[in-house]
Amino acid sequence: MSATFRPIRPILAILALLAGVSACSPPQDVADFQQVVKGSDDANATFSVQIVTRDTLPVFQDWPNGHPTPNLGWIAHQRTGSDAIIQPGDRLSLAVWDNDETSLLSQPAQKVIQLPDLRVSSSGTIFLPYVDEVYVAKMTEAEARKTIQGKLVSIIPSAQVQLTVVSGSQNSVEVISGLPRPGPLPLSDRSTTITSILAQAGGITPDMVNPQINLQRDGRLYRISAERLFDTPDLDTTVRGGDKIFVQPEDRYFLSLGAAGHEAVVGFPHDKVNTLEAMALIGGVNENVANPRAILVLRNYPDSMVRTLAKNGPPKARMVFAFDLTNADGLFSAGEFQIQDRDLVLVTESPLLNHANAIKIFTGLFAGARTVVTAVN
């Protein structure tokens, strides 16, 4: 009886192993193109897929930005005189030279009278003994010295005045944060520009991603990227007393997922990033897994931007833009398609990968079956 049924054992073993082929699915960590776009052709689909080419690119570029950065504007460079202007809160120190032995301010044999630390009042005046209030605000140092000397002549005919000014808050700017040396910085003259202030405060650290320069003035906030500021000298605005400055990294980002060089949250290193630059930032594609014919950019638009008869815009709030990076048209189009804040760059898996994995599994199982047959016989 045992001799009769002995051949059945290896056959059953082979069948059991081959059955594993249909039971086993090769592991898949990355979706392929068909999986991502499945259902997009349905009439009630919640998203739309658009292939980006030379012909379709102008249409997409005309759509509004789904997550626009607030336009805070900026102040252009203004030409001014170099001499500083005295402001309320500044402190003046006077040295009055006098050769008159009968001077009201000096003692016998005293040639110079020191009047230190005279604070400019909110009304723009300083107090001088025997003279009363003298208006000095909005004057240069030279103009204030001449004015003060003219007032003293009535009591000290031979008086000559030396004047030094220590800047107060209205003649200083405040570096709040984002630079190595924050704090108040006095303005030595009216021609001081914001790049000079950045340098005095220690400069922007090289590890900050696309630093944004913020300027608070007269209750309003202005902003510009350091990249644009340094590239455009006409935008090197002249600072004013009372300005507040802070620097912060770019807060826009996009996501990288799938068969990319790495999966990450990626900050915008420049004001504009196109799809090809985004691919470089994420380390390209995983050549063993990726499908360069189906690089996807997924984007959410506000419902208010969805196309109607009255305006141009995306057909759906959820959009999938597809790029084929294996041909020139796809590459050029990717180089012109701008990534927006919070986009998802998804590198899909090659459709051939699952077939290759299935073949490997089948080959392994078949080899295992041969081993079982050999061992049984």
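What counts as what
- Residues numbered from 1 in each chain as written.
- Predicted model: local features only at pLDDT ≥ 70, side-chain atom pairs only at ≥ 80, totals over all residues.
- Heavy atoms only, no water.
- Phe/Tyr/Trp six-rings, centres within 6.5 Å; stacked < 30°, edge-to-face > 60°.
- Helix = DSSP H or I, 4+ residues; strand = E, 2+ residues; numbered from the N terminus.
- Buried < 20%, exposed > 50% of the residue type's maximum accessible area, 1.4 Å probe, protein only.
- Expected span 1.5 Å × (residues − 1).
- Arc of directions from axis to C-beta.
- Contact = heavy atoms within 4.5 Å.
- Pairing = 2+ DSSP bridges.
- Axes fitted to C-alpha atoms, helices over the stretch in contact; angles between N-to-C directions.
- Polar contact = N/O pair within 3.5 Å; in protein donor to acceptor, adjacent residues only side chain to side chain.

(A) Spotlight on the packing of aromatic side chains. Scanning all chains against the criterion turns up 7 aromatic pairs. Ring geometry for W63 and Y301: centres 6.2 Å apart, planes at 80°, overall edge-to-face. Note that W63 is positioned in the loop between helix 4 (57-61) and strand 2 (91-97) and Y301 in the loop between strand 14 (290-300) and strand 15 (318-323), a separation of 238 residues in sequence. Y301 carries the same exposure label as W63, and that label is buried. Among the aromatic residues, those joined into a cluster by ring pairs are F60, W63, Y301, F321, F323 and F337.

(B) Structural view of helix 5 (residues 141-152). With 12 residues, helix 5 ought to run about 16 Å at 1.5 Å a step, and its terminal C-alpha atoms sit 17 Å apart, in line with that. Along helix 5, the residues classified as buried are A144, I148 and L152. Projected down its long axis, helix 5 carries its buried residues within an arc of 70°, all on one side. Of the exposed residues in helix 5, those oriented more than 90 degrees away from the buried face are A142 and K146. Among the structural elements, strand 2, strand 4 (125-128), strand 5 (132-135) and strand 6 (160-166) are those in contact with the buried residues of helix 5.

(C) Region of interest: the sheet that holds strand 1 (residues 47-51). As summarised here, the arrangement of the 6 strands in space is 1-15-14-16-12-13, forming an open sheet in which the pairing is mixed. Looking at strand neighbours, the two that pair on one side only are strand 1 and strand 13 (264-267), the edges of this open sheet. In this sheet, adjacent strand axes meet at a mean angle of 25° when their direction is disregarded.

(D) Representation of the side chain of N274 in the model. Within the secondary structure layout, N274 lies in the loop between strand 13 and helix 8 (275-281). On the accessibility criterion, N274 (12% relative accessible area) is buried. A polar contact of 2.8 Å, which involves the side chain of N274, links it to the backbone nitrogen of E277. Reaching out from N274, the side chain makes a polar contact with the backbone oxygen of G335 at a distance of 2.9 Å. Residues contacting N274, with those up to four places away along its chain left out, are A334, G335, E336, F337, Q338 and I339.

(E) How the structure looks around the sheet that holds strand 3 (residues 112-119). If you walk across this open sheet you meet the 3 strands as 3-2-6, and the pairing is antiparallel. This sheet does not close on itself; its edge strands, each paired only once, are strand 3 and strand 6. For this sheet the average axis-to-axis angle between neighbouring strands, irrespective of direction, equals 15°. Sheet topology note: the strand 2/strand 6 ladder contains 7 bridges and is antiparallel. Bridge pairing links L92 to V165 in strand 6. On the sheet, helix 5 packs against strand 2 and strand 6 and is oriented at approximately 140° with respect to strand 6.

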